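Listed below, chain by chain, are the residues.
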Amino acid sequence: MILAPEAETFLLTIDALNEIFTPLNFQERIETLYQFYEKEKVLVTSSFGTKSVFLLHFLSQVNPQQQVHFINTTYHFKETLDYKETLTDLLDLKIREVNPGQEENLLTLQDTWWKDHPKMCCTINKTAPLEPIVAKHKVWMSSLMAYQTPFRAHLRVFEQQGDIIKFHPFIDIEEGEFLFYLNKYKLPRHPLEKQGYGSIGCVHCTAKGKGREGRWKEENKTECGLHPSYFTKKK
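Per-chain numbering applies: the sequence of each chain, read as written, is numbered from 1 onward. Two thresholds apply to this predicted model, a pLDDT of at least 70 for residue-level local features and 80 or more for giving and counting side-chain atom pairs, whereas whole-chain, interface and lining totals are computed over all residues. With hydrogens and water stripped out, all remaining heavy atoms of the structure feed into the side-chain values.

1. Description of the packing of helix H2 (residues 14-21) against helix H3 (residues 26-36)
In a packed pair of helices, the relevant descriptors are the angle between the two axes and the axis-to-axis distance.
Part 1 of the reasoning: Angular values range over 0 to 180 degrees, each being the angle between N-to-C directions of two axes fitted as lines to C-alpha atoms, with helices fitted over their stretch in contact. What counts as a helix is a DSSP run of H or I of at least four residues, what counts as a strand is a run of E of at least two, and both are numbered from the N terminus. Orientation of H2 relative to H3, taken along the N-to-C sense of each, is 135 degrees, at an axis distance of 11 Å. Taken together, the axes of H2 and H3 lie oblique to each other. Of the two possible hands of crossing, H2 and H3 adopt the one that is right-handed. Contact with H2, carried on its side by Leu17, Ile20 and Phe21, involves Arg29, Thr32, Leu33 and Phe36 of H3 and no other residues of that element.
Part 2 of the reasoning: Charged means Asp, Glu, Lys or Arg here, nonpolar means Ala, Val, Leu, Ile, Met, Phe, Trp, Tyr, Cys or Pro, and polar covers whatever is left, Gly included. For the contact of H2 with H3, the residue count by class is five nonpolar, one polar and one charged. Here the angle decides the label: under 35 degrees means roughly parallel, over 145 means roughly antiparallel, 65 to 115 means roughly perpendicular, and every other value means oblique. Each crossing is labelled by how the near helix is turned from the far one, with a counterclockwise turn of less than a right angle marking it left-handed and a clockwise turn marking it right-handed. Here, residues are in contact when the closest pair of their heavy atoms is within 4.5 Å.

What follows is the structure in structure tokens.
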């Protein structure tokens, strides 16, 4: 396979990228990405949730200098923040913390927006703080997996989302394969998993449940908007 330098990558369509990357296994996909894009143009975000360690482990093997952005909504579980420190030390991660605007964040706290305005709460504390960072990158690496939700089931390895390309190296991995690799590499699990949390976000909007059933408890919602919103944005 002949690889294109980054200067020529923009000439490739999403379909062409998928044709090149889809036959590869997930580690080969991550390795090959850096033959197309410089690490400064690759955006990596992590919530340090129940599935985060998988991407972070392989990323630390393939490109240990890659910066990882952590959106500190100010509403994380203490266990999540402790888990973040554990993985940062274990994998020698290069973390950059992203924070919401102080005034806007305080407003969501004072008026408990997660109760009556959960979508706007996510926008203020997750999406908006990340937007100027997204604008500086060409490709956004994500650990979304198709088996997790109906929304994710329709994604390909590469998708155009607004002005950035989303890269899903694990999109076609099966749950059993995912669990196999967690055990194979003895990767530490989020401490709240053993308490029955299948997916973990902010304290106020997370309950116990299998998979993503416990996200946005009492709301008909399984996605925070961080990923879907970039599909609906116009270029």
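So that's the structure; there's more coming.
2. Brief notes about the environment of cysteine 202
Part 1 of the reasoning: Its location among the elements puts cysteine 202 in the loop between helix H10 (175-184) and helix H11 (229-232).
Part 2 of the reasoning: Judged by its relative accessible area of 14%, cysteine 202 is buried.
Part 3 of the reasoning: Residues cysteine 202 and threonine 80 lie 122 residues apart in sequence; the distance between their C-alpha atoms is 9.4 Å. A 1.4 Å probe rolled over the protein chains alone gives each residue an accessible area, and that area as a share of the maximum for its type sets the label: buried under 20%, exposed over 50%, partly exposed in between.

3. Some words on the packing of helix H6 (residues 102-110) against helix H8 (residues 118-134)
Part 1 of the reasoning: Contact geometry for H6 and H8: axes closest at 10 Å, N-to-C directions at 150 degrees. Judged by the angle between their axes, H6 and H8 are roughly antiparallel. The two elements H6 and H8 cross, and the hand of that crossing is left-handed. Contacts from Glu104, Asn105 and Thr108 in H6 reach Cys121, Ile124 and Asn125 in H8.

4. What about H2?
Structural remark: α-helix, 3.6 residues per turn; residues separated by three or four positions point the same way.
Part 1 of the reasoning: Regarding H2, the residues found buried are Ile14, Leu17, Asn18 and Phe21. The arc enclosing the buried residues of H2, seen along the axis, measures out at 100 degrees, which places them on a common side. Looking at H2, the residues exposed on the side facing more than 90 degrees away from the buried face are Asp15 and Glu19.
Part 2 of the reasoning: Buried residues along H2 sit in contact with H3, strand S5 (158-161) and strand S6 (164-167). The directions from the helix axis to the C-beta atoms form the arc being described.

5. What about the pairing of S6?
Sheet faces and side chains relate simply in a regular strand, where the side chains alternate between the two faces.
Part 1 of the reasoning: Residues of S6 alternate between two faces, with Ile164 and Lys166 on one and Ile165 and Phe167 on the opposite face, all of them buried.
Part 2 of the reasoning: Should DSSP find at least two bridges between two strands, the strands are taken to pair. Where strand S4 (residues 139-141) lies against S6, three bridges are found, and the strand directions are parallel. Bridging across to S6, methionine 141 finds its partner in phenylalanine 167.
Part 3 of the reasoning: As defined by bridge partners, S5 adjoins S6 across four bridges and the pair is classed as antiparallel. Opposite phenylalanine 158, over in S6, you have phenylalanine 167 as the bridge partner.

6. Let's talk about the confidence of the model for the chain
Part 1 of the reasoning: Considering every residue of the chain, the mean pLDDT works out to 87; 85% of them sit at 70 or more.
Part 2 of the reasoning: Residue-level confidence of the predictor, termed pLDDT, takes values from 0 up to 100. Low confidence marks residues 230-235, where pLDDT is under 50. Its contacts with residues over four positions away, or in another chain, come to 16 contacts.

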